[in-house]
Amino acid sequence: MSRATCSRCRLPERTCLCAETRPQPCPLPVIVLQHPLEARHAKSTVPLLQLALPALQRVVAEHMAPPAPLPRGRWWLLYPGDEAVDIDTTPPGRLDIGGLVVLDGTWRKTRRLRHLNPWLNDLPALSFSQAPAGRYAIRKGPGGQALSTLESLAHVLGRISPAFDPAPLHHLLACRVAQFHPDD
């Protein structure tokens, strides 16, 4: 017999986070290209992002067509690399950021997404160097230093738009982590 799940947050009813969610507008269009294997992972932070940022678009696929041009600005890829512009050291107003494409999956899976979608490599890349320490203790990246997709996007949106409040995203993440580590 399957567990009853909340129709809104898609979590088991006993771990529903809807009461902890404070939805807010996203300051710019955001598309999360999520690897299909990551979409099935119970500890993914993208469903939390969808609760908190209802306008966020999630595409679960290995292949995606390039998004339509934006009325203002251009699409940027949130992904580290030698060519990436550091949002923490470059004033965002000088970058013409109209929207973000964010890859979600393990580092290996995101590299695969970039390989299977060569148009991603034509987008200017955005990264960061001064994000707060990660608090997503239920999953670890290489060396334990990587941030979750939710933490990364919260930091970048806060840098792009000073009016954006990342606190509701961090609160939602803390509630989810507490479900796995109730004594922390």
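Here the structure is a predicted model, which is why all the values come from computation and not from measurement.

1. Regarding the sheet that holds strand β2 (residues 57-60)
Taking strand neighbours across the sheet as the criterion, the six strands line up as β2-β1-β5-β3-β6-β4 in an open arrangement whose pairing is parallel. The outermost strands of the open sheet, each flanked by one partner alone, are β2 and β4 (85-86). Pairing between strand β1 (residues 30-34) and β2: four bridges, direction parallel. Along β2, the bridge assignment pairs Q34 with V60. Against the sheet, helix α3 (residues 107-116) makes contact with β1, β3 (74-78) and β5 (97-104), and its axis sits at roughly 125 degrees relative to β5, the strand it touches most. Taken strand by strand, helix α4 (residues 149-160) contacts β1, β3, β5 and β6 (125-127), and its axis lies near 170 degrees from that of β5.

2. A short note on the nonpolar core
By size, the foremost hydrophobic cluster in this structure holds 36 residues, and its most contacted members are V30, L53, I97, L100, L126, L153 and L157. Residue assignment for this core shows that the elements contributing at least two residues are β1, α2 (46-52), β3, β5, α4 and α5 (167-180). For this core, the element with the highest residue contribution is α4, accounting for six residues. Ignoring any residue separated from it by four or fewer positions in sequence, one finds V30 in contact with L56, Q57, L100, V102, L153 and L157. Residues L33, Y79, L113 and L120 belong to the second largest nonpolar core, which totals 15 residues.

3. Here's the deal with the pattern of salt bridges
Under the criterion given, the structure shown has two salt bridges. Residue E62 pairs with R112 through a salt bridge whose shortest N-O separation is 3.0 Å. Of this pair, E62 sits in the loop between β2 and β3 while R112 sits in helix α3, and the two are 50 residues apart along the sequence. For the salt bridge of D88 with R159, the shortest nitrogen-to-oxygen distance reads 3.3 Å. Taken together, the residues D88 in the loop between β4 and β5 and R159 in helix α4 connect sequence positions 71 residues apart. In this structure R159 comes out as partly exposed when scored by relative accessible area, which is 33%.

4. Some remarks on the pairing of β5
Of all the eight residues making up β5, eight are buried; the element is thus mostly covered by neighbouring parts of the structure. Across five bridges, the pairing between β1 and β5 is parallel. Counterpart to V32 in the pairing with β5 is V102. In this structure, β3 lies alongside β5, joined through five bridges in parallel fashion. Paired with W75 across the bridge in β5 is G99.

5. Brief notes about unusual backbone geometry
For D96, which is not a glycine, the phi torsion comes out positive at approximately 60 degrees. Among the structural elements, D96 can be located in the loop between β4 and β5.

Cut-offs and rules
- Residues numbered from 1 in each chain as written.
- Predicted model: local features only at pLDDT ≥ 70, side-chain atom pairs only at ≥ 80, totals over all residues.
- Heavy atoms only, no water.
- Pairing = 2+ DSSP bridges.
- Helix = DSSP H or I, 4+ residues; strand = E, 2+ residues; numbered from the N terminus.
- Contact = heavy atoms within 4.5 Å.
- Axes fitted to C-alpha atoms, helices over the stretch in contact; angles between N-to-C directions.
- Core = buried A, V, L, I, M, F, W, Y, C linked by side-chain atoms within 4.5 Å.
- Buried < 20%, exposed > 50% of the residue type's maximum accessible area, 1.4 Å probe, protein only.
- Salt bridge = Lys/Arg side-chain N within 4 Å of Asp/Glu carboxyl O.

Limitation: the analysis is restricted to geometry and does not speak to function.
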